[in-house]
Amino acid sequence: MNAPFPIPIPERLPERIEPCPIVEAIFEARFVSACPWDTMPGLVFAQIRDKYPEQKSLPLAEIPTSLRQNPALSRLPLIQFLSGRFLIQMGPRVVNLVTRPPEYPGWPAIREELGWLTERLKAAAVIQATERLSVRYVDFFEGDIFESIRLGLAVDGQRLCGLRTDLATLFQRELMTVRLHVTNSAIVEPSGTPRTGSVVDLDAWFGPQDADLFANGLPRFEEARRAIKELFFGLLREDVLDKFNPVYS
């Protein structure tokens, strides 16, 4: 029997909060391809160049191909295509859409861009089968986030406070796997300037049996994003949420 889900989900979820803590949102597809990597960026760029005219190689691309045979490295991007609000990153077995700081564009804009990108990738004919679809949100907070959420370390029921803490765990929500990572000793650079504080990092994904980028990609992305939103607001204490000026529909 499955254990009850440990984080309470609020009955009402805000449409947005201010200031918005999101520093990055990543919508990713891992895939199998019959195309060699040498041809893949050109095929994709031909489909997206009107909106993403700039290309940039990532540091991993400098590593010789013979040293990138590790399966973990094959699922990391080697090249970026840049536009004003988003990045498209691609590697031999991965493609993702990433929001660009400093301003989170909101889900309607992301959904529209994901739909457009999915059609462009289909036209490029570089993806043979989907291995995984995932959504990841990274939120940054000043100070110690463990003072503001329903999660922490305890010994004999006594909550530990004021320590450098890094927690990670996995949840199962129906067909989705969700990884939660919370730390109060993070350094982020959302606008090029390093900031020290806390990060809540939520990553939700579907495996190959339950996701196909071209058949059900957008609904799966939306389902994963919704789960992350529910978990995020389930973690925040109500008195803390009120300080972020929540706006409800």
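Above this text sits the structure in question.
Residues numbered from 1 in each chain as written. Predicted model: local features only at pLDDT ≥ 70, side-chain atom pairs only at ≥ 80, totals over all residues. Heavy atoms only, no water.

*Asks:* Any chance you could explain unusual backbone geometry here in plain terms?
*Replies:* Leaving glycine out, the prevailing phi sign among residues is negative, and the prevailing peptide bond configuration is trans. Omega for the peptide link from Glu18 to Pro19 comes to 0°, which places this bond in the cis form. Along the chain, the position of Pro19 falls in the segment before strand S1 (22-32). A positive phi angle, close to 55°, is found at Glu174, a residue other than glycine. Examined against the element boundaries, Glu174 turns out to sit in the loop between strand S9 (166-173) and strand S10 (176-188). (Helix = DSSP H or I, 4+ residues; strand = E, 2+ residues; numbered from the N terminus.)

*Asks:* Is there a simple way to explain the sheet that holds strand S5 (residues 94-99) in this structure?
*Replies:* Adjacent strands of a sheet form backbone hydrogen bonds with each other and so pair up, either parallel or antiparallel. Spatially, S2-S3-S4-S5-S1-S6-S11-S10-S9 is the arrangement adopted by the nine strands of the open sheet, whose pairing is antiparallel. If you trace the sheet from one side to the other, it starts and ends with strand S2 (54-57) and S9, each paired once. Averaged over neighbouring strand pairs, the angle between their axes works out to 20° when direction is ignored. Relative to S5, strand S4 (residues 86-91) runs antiparallel, the two being bridged by six bridges. (Pairing = 2+ DSSP bridges. Axes fitted to C-alpha atoms, helices over the stretch in contact; angles between N-to-C directions.)

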